[in-house]
Structure formats: structure tokens, C-alpha cells
Amino acid sequence: MQGQTKGDRWKERKHAIAVAASRVRADFAFAVVDVFVVVGSYTVALGVRSLDPLVTDLRPFWSDLFIAMPVIVLLHVAANVIAGTYGHVWEHASVSEAARIAVANVVAGSVILALALWARVSIGVLVPYLVVVVGASFSLFGMGLVRFRSRLFSFRKHPGASRVVILGDGREAALFARRSFFVEGGGDVIGFISDHEDQGATVRRLAGLPVLGGRDQIARIVEEYAVDEIVVIGNDPARSRAVVDSCLSVNVRLRIAPLAAEVLLDSHAPLDVRDIRVEDLLARSEVETDLSPVAKLIEGRRVLITGAGGSIGSEAVSQVFKFDPADVIVLDRDETLLHDASLRWSGTPTVVLGDIREAAALLRTFGRYRPEVVIHAAALKHVPVLENHPAEAVLTNVVGTRNVIEAGSRNGMEHFVLISTDKAVDPASIMGATKRVAEMLVESGAQRRDGCIYTAVRFGNVLGSRGSVIPTFIKQIQAGGPLTVTHSEMMRYFMTVDEAVQLVLQAAALADGSEIFLLDMGEPVRIEAMGRRLIRLAGLTPDHDIEIHYTGVRPGEKLLEVLADGPVKETGNPKISEVRHAHTPLGSSLIRAIGELEDAAIAGDGQRVVTQLKRLSEGHLESAESVEEQMTLSWS
């Protein structure tokens, strides 16, 4: 299978072997129990025979019964095997499985009755016919009781247990409901919520429990039935968002069971139930990538990652280590971030404490380690801060990128990957403009003719990255509020950091020179809605426990960012597309312009910096005039 490493395939084989062994153990256990049930049933049947006042001495019958018992047991077990009564998950069995048990016992009893008649005539072994009939009947009852015990005794109330409602009306929901009874802390399942809004269009009962209503009635069900927890079956972001939104005004714990049916069928597997997390609410499908080209790109090569202490850089280090690189050189100017990140990495990198602004030191680093693949994640990224410090933004995001490209080009770099942002599209901020200029350096890379493949990867917000909106919201909620939102219609694209880095590596493997790749971020998410959902996930009620304050759009912010400002074409990966720009300044003209921009930044001339950024970003810096005005006032 594409995208799987040897380790992944071995894990899958081990899992398959473990599942098969678990089933064999379960079937063997049922067979052993059946033996005891049969022996006990026929023994009791003969004991019942003693109640007949006409029978005075049962000793001959007892001895003959135990002579015949191995044959009786063998016939019952064989009939069960032939009827297919093994290999089922009986906690979730229905009429079809019950019929198998009945047929097996009727057939076994009939054969034993025929053999009892033959044995009495031919060899003188006396097994009373009534004992055979009663023994087969007791065996049927005993085997059914063992197999259908969960049907007969499940869903009893656990003292102090939570009242649980399951969202789902399919097979996995029924399996989960029955398994939860046998798990400590599983709670008392009192019913189901249908996935359909029209409750009448679905079943009224499932696994012996009522379907309490449709998904549009969640708030009513929680209040009416005093529900403590809702468990969502399956990791479907749309369903999870719908549940969270339906529960914004009620006090209920929300959990998710992202389980496949085969896990539920394994009686030895733990129930993977957890609280709903923010990544479960993203309006996008899970990223699946073919990692074999990435392995080809990285295996046996020296890889340097700038900004390795940051969210993206740190995750890139973790993922690169999975592909057996010859060395991983991690570079960052923040020693604390490097130290903290190193505790999470599975391998041992070569650590370099340095600043991409320092061209001479960077050149020495590249000359010493000669990296073949460079992932450039170092950047200043906070829009409001950089609006007031354009020179600093330029020195890191533009000049620093140029320094990395120059040092790599002089020392045999073969692949260069720039981590870019959706804010580089039609930039309305200093940060976006600097990243757009950095992209232009990548686009002009093919003209260097140095044997290196240059590419940039552009995506939106990363969940959990330092200083981003989600961690900020979480801190505000933990502090008791208020939650600050700039505008009720502010929308952003979101992606988890591990998915973003997976696609960055995949894009790098697809590159053949000067491309800007776009990652599929799914649908944009309204920031205010995300904040309200986070409040709900914290067990609080928006506008009651946590207030929401609107602060107004800040300089440089757009209500909605976009990922492309030119023609987009598909690549070999459905999650990655490509955009090319037709009017990028190339070669020496770009280098001269960046040199002028650097001079202005070093001189601290904010007005010149903004003017040059505006020109370089093709006249699309929408807030340039206002920012330029602010800079004039600040430096006058």
C-alpha cells in the first residue's frame, strides 16, 4: 500500500494476528463453556428423571449416561460448528444467530436420540429417551443464556454513573452501547439520538433502547432526560460541529468515539472515548498522503530546518526523523524553544543556535554541515506586532530568506522549501507583504541555475501554534473570559500542525522548480463560531459563563484570507494544488530591490520600508497608505 513504511505494515500484520488470536480465544472459550453446558444439562435431565415414582434405581442409567457422554458432547459441539454458532460477537446477536443455536441443538438431540435407540438394541447401553429430549432442551436454553446474556442483563443502572445518550442510529452505535455496559466508567446508556432530523423516518428502538429524537432535538433531549454526556460515534467534523452548536445553551459533556466496527467487535480492545477536541470540528476531511516520494527525498540526506523551535519547524523535525535522514540540522535563535522542542524529538539532531539575519554566520553553518534539503520555517508572523515594526519584519522574513537561499546555493543545496502563508495573497499587512516577497525569491530561484529546486508552500492558520487564535481563546476561557473577537464575520482556514507538515513534505517531493503550492485547508471557519464551540467544549455556556467582546478589525487584517491570486492547477495529490505568477520581478532586478529594502530596514526608515514593500508586492498592499502615514508620524 502506498504511503506505508515497513513499520506501519508490520504494525498492521501484528494487529491482524492479534485480532485473529482474540477471535480464536473467544471461540475456544465458547466451545469449552458449551461442553460444561451439555454435561450439566444431561446430568440435570437424568436427575429430573428420578422424580418419576416408578423409577427406583438410576444407577445403571448413570453409568451408561457417562459412557455415552463423550459422544453426546462431541455431537453437540460438532453441530454448533456446522451451524456456524462460533465466530460471532454474541453481545450483539439477533434472531439469525438464535436460530443457529436452536437448529444445532435440535439436530444434535435428534442424532443422539437415534443413537440411543441403536445403542439400547445393539450394545445394551441404556440412555432414557426422555433424558435425551430434556437434556437437548436444557442445552439449548443454557447455550442461549450464555450467548445472549448481554441482551438479557445489560443496561442495568450503575450507582452514580453518568446518564449517556449516543449520537448515531447505526450498527456501530449499537455495538458501542452494548460494549459500554462492560467497561468500567462506561455510564448508563439511556438511548440514542438519530442522525436524521426526522425521527419518524428512522427506527424507534435500537439495541433494546429508545431513539429519543433527531439531531435537531438535542437540546430538548438533554433537558428532558437529564443527560450528562453525549457520545458522538465516528469522527465526522460536520456532525461534531452540529452537536456542539446544538449544545451551546445546555450543560452537557460532549465526547467522541472515533472507532471502527472491528475495534468494537474485539471484546479485549478498550473503548477509545475522549472529549471532543477543536481539531474534530474542522470542516475538512483527514489528510492522507503518499509518503513514498517523501522518503525518497529525505532518506540518507542531510536536512536543515530553520525556525526549528517553532510549531511548524518542530513538527517538521519530528516527521523528517521518520524517513532515516543522514543528519537533521536544527537552527533557531531561541535556545529555550530549541531545548524544549528537543525533548519531544525521537532522534538526536545537530543543534545550531543562530539567526538567519546573520549572513556570515549562516554561510559558515551551511559550509560546515552542507545540507542537501532545507526547510525554511523561520519567520516573524504576528500581524498586529509587525504592523508597527516593518523593518524587523523585512530583516527576518525577506533578508533572512535571501540569506538562507544564498548560503544554500553556495554549498550544494538541492531542495529549498519556504513555509509561506495565505496572508501573502493580495497582501494587506506588513507580514503578508514580506512573505509575498519571500515567495518571489523562490519563484526567481530557477534562474540561479545552481542545481537546486526551489518551492514555497502556502497555507492558513495552524491549530495550536504559539500566539494563534485558538490558544489565545483557551487562555481567555481558563481566565474566566471575556473572549475577544475582532469581528463577527472574521473567517480563517485552519489545519492541524501534523497535517500541514505532512503536506509540506509531500509538496517538496512534488516540486520541480519555482512552484508555489497551496494546501487544501477545507472550508473557512468563522472565528466567533469557533470561540463559542471552545466555550462549549470547556463545559461552559457562551454569553452566560463566558462573555464575548468584539474589539474591531486590526490594521492589516482581512475578514477572509484566500490561498490563491492567480490560476491554480492540480498536482498529483488532491490535497495540493499549484499557482504560478506571471509578473514576478526576476534575477538581478529583484536582488537590487531587496538590497534597497534591506538598507531602509537597517536604517530604521519605516516610510521607505513600506513604500518598497508596496512596490515589490505588485501594488497590492491595501493598507499601505494608512501604514505609511502611521510610520511617517512615528518617525517624524
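Throughout this document, residue positions are counted from 1 along each chain, in the order its sequence is written. pLDDT decides what is reported in this predicted model: residues at 70 or higher carry local features, side-chain atom pairs at 80 or more are listed and counted, and totals for whole chains, interfaces and linings draw on all residues regardless. To obtain the side-chain values, all non-hydrogen atoms of the structure were included, while hydrogens and water were left out.

### Notes on the sheet that holds strand β9 (residues 327-332)
Turning to step 1, where the next piece is worked out: Only strands that DSSP links by at least two bridges are regarded as paired with each other. Helix numbers and strand numbers start at the N terminus; a helix is a DSSP run of H or I with at least 4 residues, a strand a run of E with at least 2. Strand order in this open sheet of nine strands is β10-β9-β8-β11-β12-β13-β18-β22-β21, and the pairing throughout is mixed. Bordering the open sheet on either side are β10 (350-353) and β21 (568-570), each of which pairs with just one other strand. For this sheet the average axis-to-axis angle between neighbouring strands, irrespective of direction, equals 25 degrees. With axes taken as lines fitted to C-alpha atoms, and helix axes fitted only over the stretch in contact, angles between N-to-C directions fall between 0 and 180 degrees.

### Some words on helix α15 (residues 390-410)
Turning to step 1, where the next piece is worked out: Expected span, for any helix, means 1.5 Å times one less than how many residues it has. End to end, α15 covers 29 Å across 21 residues, agreeing with the expected 30 Å (1.5 Å per residue, within 8%).
Turning to step 2, where the next piece is worked out: We define the bend at each residue as the angle formed by axes fitted to the 7 residues ending at it and the 7 residues starting at it. A maximum bend of about 30 degrees is found in α15 at V399.
Turning to step 3, where the next piece is worked out: α15 sits mainly inside the fold: 18 of its 21 residues count as buried.
Turning to step 4, where the next piece is worked out: G412, located one to two residues past α15, shows a positive phi value of around 80 degrees. Burial classes: relative accessible area under 20% of the type maximum marks a residue as buried, over 50% as exposed, and values in between as partly exposed (1.4 Å probe, protein chains only).

### Here's the deal with the pattern of salt bridges
Turning to step 1, where the next piece is worked out: By definition, a salt bridge exists where a carboxyl oxygen of Asp or Glu is found within 4 Å of a side-chain nitrogen of Lys or Arg. In the structure shown here, the tally under the stated rule is 16 salt bridges.
Turning to step 2, where the next piece is worked out: Note that R410 is salt-bridged to E406, the shortest N-O span being 3.1 Å. Remark: E406 and R410 occur in helix α15; sequence separation between them is four residues, near one turn of the helix.
Turning to step 3, where the next piece is worked out: Residue E528 pairs with R526 through a salt bridge whose shortest N-O separation is 2.6 Å.
Turning to step 4, where the next piece is worked out: According to the relative accessible area criterion, E528 is buried, its value standing at 7%.

### What to know about the confidence of the model for the protein
Turning to step 1, where the next piece is worked out: The predicted model of the protein averages 78 in pLDDT, with 76% of residues at 70 or higher.
Turning to step 2, where the next piece is worked out: Think of pLDDT as the predictor's per-residue confidence, scored from 0 to 100. Looking at the elements of the protein, mean pLDDT is at its lowest for helix α22 (residues 624-635), recorded as 34, and at its highest for strand β8 (residues 302-306), recorded as 97.
Turning to step 3, where the next piece is worked out: Within the model, the stretch residues 152-157 combines pLDDT values under 50 with 17 contacts to residues more than four positions away or in other chains.
Turning to step 4, where the next piece is worked out: Working rule for contacts: check all heavy atoms of both residues, and any pair within 4.5 Å makes them a contact. Below pLDDT 50 for its whole length, residues 619-636 participates in 35 contacts with residues either more than four positions away or in separate chains.

### Overview of a nonpolar patch on the surface
Turning to step 1, where the next piece is worked out: Patch membership needs two things, relative accessible area over 30% and no salt bridge, and members are linked within 9 Å if like-charged or within 5 Å if nonpolar (Val, Leu, Ile, Met, Phe, Trp, Tyr). Reported accessibility uses the Shrake-Rupley method at a 1.4 Å probe radius. Residues are deemed covered only where the shown protein chains occlude them. There is a patch of nonpolar side chains on the surface, built from V71, V103, V107, V111, L115, W118 and I123 and spanning about 610 Å² of accessible area.
Turning to step 2, where the next piece is worked out: With five residues, helix α3 (residues 95-122) is the single largest residue contributor to the nonpolar patch.
Turning to step 3, where the next piece is worked out: You can see W118 is positioned in helix α3.

### Thoughts on the packing of aromatic side chains
In this description, a pair of aromatic rings is defined by centroid distance and the angle of the planes.
Turning to step 1, where the next piece is worked out: Aromatic pairing here means that ring centres of Phe, Tyr or Trp (its six-membered ring) are within 6.5 Å. Orientation follows from the plane angle: under 30 degrees is stacked, over 60 is edge-to-face, and everything else is tilted. Evaluation of the coordinates by the stated rule reveals one aromatic pair.
Turning to step 2, where the next piece is worked out: When the centroid spacing of 5.9 Å and the interplanar angle of 50 degrees are considered together, the rings of F416 and Y454 count as tilted. In this pair, F416 is assigned in strand β12 (residues 415-421) and Y454 in strand β13 (residues 453-459), connecting sequence segments 38 residues apart.
Turning to step 3, where the next piece is worked out: Using a relative accessible area of 0% as the deciding quantity, one classes F416 as buried.
Turning to step 4, where the next piece is worked out: On the basis of relative accessibility, which here comes to 1%, the residue Y454 falls in the buried class.

### Observations regarding helix α11 (residues 311-320)
Turning to step 1, where the next piece is worked out: In terms of burial, α11 is a largely internal element, nine of the ten residues being buried.
Turning to step 2, where the next piece is worked out: Along α11, the residues that are buried comprise I312, G313, S314, E315, A316, V317, S318, Q319 and V320.

### Observations regarding unusual backbone geometry
Turning to step 1, where the next piece is worked out: Omega for the bond connecting G481 with P482 falls within 30 degrees of zero, at 0 degrees, which places this linkage in the cis form.
Turning to step 2, where the next piece is worked out: Structurally, P482 is set in the loop between α17 (469-478) and β15 (483-485).
Turning to step 3, where the next piece is worked out: Positioned with a positive phi, A226 is a non-glycine residue whose angle comes to about 50 degrees.
Turning to step 4, where the next piece is worked out: Along the chain, A226 falls in the loop between α7 (218-224) and β5 (229-233).
Turning to step 5, where the next piece is worked out: The phi dihedral of D426 falls on the positive side, at around 45 degrees, and the residue is not glycine.
Turning to step 6, where the next piece is worked out: Within the secondary structure, D426 is located in the loop between β12 and α16 (430-443).

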